[in-house]
Amino acid sequence: MPSTEPPHAGERSGWFATTHWSVILSARDTASPKGAEALERLCRTYWYPLYAFARRTGAHPEDAQDATQSFFADLFRRGSLQQADPEKGRFRNFLLVAFKRFLANQNEHRHAQKRGGAGVQVTWDTDLAERRYQIEPHASWPAERAFERRWALTLLEQTLARLRSEWSVAGKAGEFDHLKGFLTVDREPPSYAAAAAALGVAEGALRVAVHRLRHRFRELFREEIGHTVARPDDIDDEIRHLLEILAE
Amino acid sequence: MNAGATLARCPGCGKALPADAPEGLCPRCLIARNLSEPTRVAAGAGSEPPTVTSLPDDFARHFPQFEILECLGRGGMGLVYKARQTLLGRLVALKILDPARARDPQFAERFQREAQALARLNHPAIVTVHEFGETHGLFFLVMEYVDGASLRDVLRQGRVPPQLALSIVPKICEALQFAHEQGVVHRDIKPENLLLDRQGRVKIADFGIAKLFGEPTAAPPLTEARAIVGTPHYMAPEQVEHPQSVDHRADIYSLGVVFYELLTGELPLGRFSPPSLKARVDHRLDPVVLRALEKEPTQRYQQAADVRTDIEFISATPDSPPGPTPNPSAASRRNTATSDRTSPSNDDPTSALRLLSLGLGAVGVLNIAAVLGALLFAVALVLCDRLGIDLDGPLPEIAEWLQDPTPSDWRWTLATTGFFLLAGGGLTVLGASRLRRLRSYRLALMACVIAMVLPPALLLGLPLGIWGLVLLGRRNVQARFTAAHESQVTERPSQCGAEDERTRFRNDNLRSAAWVILVPLALMFLTTQWLKSEGPSATRRRAILLEEQLNREQVAIAIAASAVDRNREGKTTATVRTLESSPPVVIQTLPVAGADQVSATLSELRVTFSKDMKDNHWTWAEWKPGSLPETTGPAKFLEDGRTWTLPVRLVPGRAYAIWINSEEKRGFRDLRDQPSLPYLLHFQVVSTQEVSP
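Residues numbered from 1 in each chain as written. Chains lettered and ligands numbered in written order. Predicted model: local features only at pLDDT ≥ 70, side-chain atom pairs only at ≥ 80, totals over all residues. Heavy atoms only, no water.

## Here's the deal with the environment of Lys15 of chain B
Position of Lys15 of chain B relative to the elements: it lies in the segment before α1 (27-35). C-alpha of Lys15 of chain B to C-alpha of Cys26 of chain B: the two residues are 11 residues apart in sequence and 8.5 Å apart in space. (Helix = DSSP H or I, 4+ residues; strand = E, 2+ residues; numbered from the N terminus.)

## Examining the confidence of the model for chain B
Residues and elements named next belong to chain B. Model confidence for chain B is summarised by a mean pLDDT of 77, while 77% of its residues fall at 70 or above. Considering only residues more than four positions removed or in separate chains, one finds that residues 1-6, a stretch of pLDDT under 50, has 15 contacts. Counted against residues more than four places away or in other chains, residues 37-52, with its pLDDT under 50, gives 47 contacts. (pLDDT = per-residue confidence, 0-100. Contact = heavy atoms within 4.5 Å.)

## Concerning the side chain of Glu238 of chain B
All names here are of chain B. Within the element layout of this structure, Glu238 appears in helix α6 (residues 237-241). Polar contacts involving the side chain of Glu238 include one to the side chain of Arg300, which spans 2.8 Å. With residues up to four places along the chain from it excluded, the contact list for Glu238 reads Pro243, Val246, Arg249, Ala250, Lys295, Pro297 and Arg300. (Polar contact = N/O pair within 3.5 Å; in protein donor to acceptor, adjacent residues only side chain to side chain.)

## Quick look at the environment of Asp197 of chain B
Assignment of secondary structure puts Asp197 of chain B in strand β7 (residues 194-197). A relative accessible area of 7% places Asp197 of chain B in the buried class. When near neighbours in sequence (up to four residues on either side) are disregarded, Asp197 of chain B contacts Val208 of chain A together with Val146, Asp147, Gly148 and Lys203 of chain B. Polar contacts involving the side chain of Asp197 of chain B include one to the main-chain amide nitrogen of Gln199 of chain B, which spans 2.9 Å. (Buried < 20%, exposed > 50% of the residue type's maximum accessible area, 1.4 Å probe, protein only.)

## Comments concerning the sheet that holds strand β15 (residues 655-660) of chain B
Consider a sheet: its strands pair through backbone hydrogen bonds, and that pairing is either parallel or antiparallel. Residues and elements named next belong to chain B. Strand order in the open sheet made by the three strands is β11-β15-β16, with antiparallel pairing throughout. Edge positions in the sheet fall to β11 (620-622) and β16 (679-684), since each has one partner strand and no second. Direction aside, the axes of adjacent strands within the sheet are offset by 30 degrees on average. Across six bridges, β15 lies against β16 in antiparallel orientation. The residue bridging Tyr656 from the neighbouring strand is Phe683, located in β16. (Pairing = 2+ DSSP bridges. Axes fitted to C-alpha atoms, helices over the stretch in contact; angles between N-to-C directions.)

## A closer look at the sheet that holds strand β8 (residues 202-204) of chain B
Residues and elements named next belong to chain B. An order of β6-β7-β8 is seen for the three strands of this open sheet, with the pairing classed as antiparallel. At either end of the open sheet lies a strand with only one pairing partner, and these are β6 (148-150) and β8. Neighbour-to-neighbour, the strand axes of the sheet open up by a mean angle of 30 degrees, direction not taken into account. As judged from the three bridges shared by β6 and β7, these two strands associate in the antiparallel manner. Of the residues in β7, the one forming a bridge with Gly148 is Asp197. Across the sheet, helix α4 (residues 162-181) lies against β7 and β8, angled at about 35 degrees from β8, the strand it touches most.

## Thoughts on the pairing of strand β3 (residues 90-97) of chain B
Residues and elements named next belong to chain B. Here β3 lies mainly inside the structure; six of its eight residues are buried. One ladder, built from eight bridges, connects strand β2 (residues 78-85) with β3; its direction is antiparallel. Looking across to β3, one finds that Tyr81 is bridged to Leu94. Hairpin connection from β2 to β3: four residues lie between these consecutive antiparallel strands, with Gly89 at a positive phi of about 70 degrees. Two elements, β3 and strand β5 (residues 138-144), share five bridges in a ladder whose sense is antiparallel. Counterpart to Val92 in the pairing with β5 is Glu144.

## Structural notes on the pattern of salt bridges
A complete count under the given rule lists 38 salt bridges over all chains for this structure. Residue Arg164 of chain A pairs with Glu23 of chain B through a salt bridge whose shortest N-O separation is 2.8 Å. Here Arg164 of chain A is found in helix α8 (residues 143-169), whereas its partner Glu23 of chain B is found in the segment before α1 on a different chain. Between Glu266 of chain B and Lys278 of chain B there is a salt bridge, with its nearest N and O atoms 2.9 Å apart. Here Glu266 of chain B, found in the loop between α7 (248-264) and α8 (275-278), pairs with Lys278 of chain B, found in helix α8; they are 12 residues apart in sequence, far enough to count as distant. The class of Glu266 of chain B is partly exposed, set by a relative accessible area of 35%. Linked through salt bridges whose partners overlap, the residues forming this network are Arg164, Asp177 and Lys180 of chain A together with Glu23 of chain B. (Salt bridge = Lys/Arg side-chain N within 4 Å of Asp/Glu carboxyl O.)

Here you go:
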């Protein structure tokens, strides 16, 4: 487990998780390509919570998309990262605070964009974003809370997508579909015996597979969160926070 | 909430799944069930609780032949890493023993000796030791990497089906037998050390590692109190009490604990029940598990292979097979009933026994309730009576009957019946409760018999009792009683021996039965005594009052009659008018009623009524045959209109009793045709001897 290990083994062992966010933080002064790449990856993953936040604060779909895209462009171009505080250490917090500030000064930022923002462009399917937004429950929630919930779900989506792709690569996409249900239950149902029969394996083997799936899910989820915090030590705190958000 | 947001529910927490749930899975449960608990080190060889173990920061450079990939676990004995042997390109589990615990000067020698023995253990169900050695003061073992999960991980997902346990345990037995034959004892068999690979095949890890550090429970230095090797719940008693004399049978005990846990999901702690009482498990496994868990190594299975044989026999044959019981366990060996008869039924008797116990309990309670109800009714009736509360219908009579102060057989009969019903009901309930916990076969039998004969609940009790006797007659049921009894006797953490414990059990049953008999006895006795105490009842007192009042009325009528006499010529008074509607009564007789000195010379009886009577109606009826004197002529009606005479011949010394109007015959009537109240004229004629002087 990456986080439980002493961070001494160096790059060779591969268990010292270098978080994207920590790369960004360390790179913020130099605007290195590595930092930009890490930021792009994060933004590509977490744009939707910001979009949802913008929508929740009353923006039209087009405006929300516009604002989100401008925000990212600005982030890359201007090095807003200077404002990030490594001690506070949450990409989630940073992104929301920065976005709120951006929205408040939106006119200025629009202007800036019109001048021609250089750097990375993050694009996405607008229609899809809006469709997703429409099925979100709790329309009455405050925008911050909706953002945090959406953030947690995005992390989970990301984790599950990686998990699925790993199983697909191993040629076990069908098995994944049968097993994923066991991620959310401690006891039967769903029935282990039924799943084992459906997959044509022994129940003992199925239970091992479920255990492996949960183990891998845990690893990947922690890894995903690891990308958004400054230090591996923060992962457990962040997990607790996400759980609180979702428990509401 | 948006429409369509509650299409489905999470099977884990039961809450509605949000429409945007990732992969259709409840986001809350995804995190809560996989990540909220403290991060566990999972998979791989063992996951003991973390200890103070620490390795030098740069330990990896001491193992240049490995690419260290991941820490699989850390525990009392050291750390386990998943690593790649760079030259061979194979994955291995690299176990580095706790340097702090390897400081013992004799450790190196012991390590060498033990590791050699381990490296010889080449068995498909034992994690292979590829290599071992020491580098820069770090002792390490290179072991086969098992890509799977430990049995502990599997157990965390919920109780495993018995079939899984039955497929795993024999494999473990086989591997243990193999190791024991090589002279290697594991000493720390527990779910954490039993690994399942991706195909579900079991492999035992950490063989003999415990021994490297000396005896598991040899008092560890105080500073290492947390580093006790071995896991208390899985350790055989002798591992605690006599660590020096531990042999391969300790592994069989630990295996018994694992087996019990696999079957029931619980540890066999304290006074535990046989597996089949805890879970839907073939009851024939009870003696196997219990024998593996015998406290005394000599009573245990002596070879792991025997456990395997018994389990495989049970798996391969249907319940209650013909032929001798396959498990010569401590329980079944003592069971003289173990014979070679085929049991009539193959099904698991657990639910049948439960049903029988419930039914018998109900029958017992019905009986008790019936008697107590009747008793309460009687007491309430008598209390009402004594407190002077008015009762209707036949109730006052019953109340009086109940309180009859004279010694009476019927009341004792009733009390005895009540006692039998009450005690019988109590014994039925006692038997049912003992049956439920499989604690006393005899009491259970008795309950069935009593249920069949006790009347109030007989309708239910008779078929139930017969069924119960059939059920209890089954050999597998008897065996279960024996097994449960043995386990309760032997597993009790008691200082005294099993024999004492058995006696204690028997005494306990006897004591309960005695109470059940004595309490109804006392109850019925006291109630009966109370009923007949406190003298006459209110009804009785009222009856006496009524009698006195009647007497007074008769006197009053007589007085009134004389008043009528006086007023015969004059006006009738209001009293007379009232009296006219009352029936006539006898006011004077000759001889006087009750006289015992009547002369035999009296030749005529005389009766005077309180009113004018009709002259052609009369009834002189005998009280009983022969009690009427011989008449010497017809009865005469005198002129006063109220007096009749009857000429008779009296015999000296005889007693006579004549009804002047009886209840049945009412000849004497007044002018309004009202019959006179019946009057018994009885008297005794003096004998001649008495007269002559």
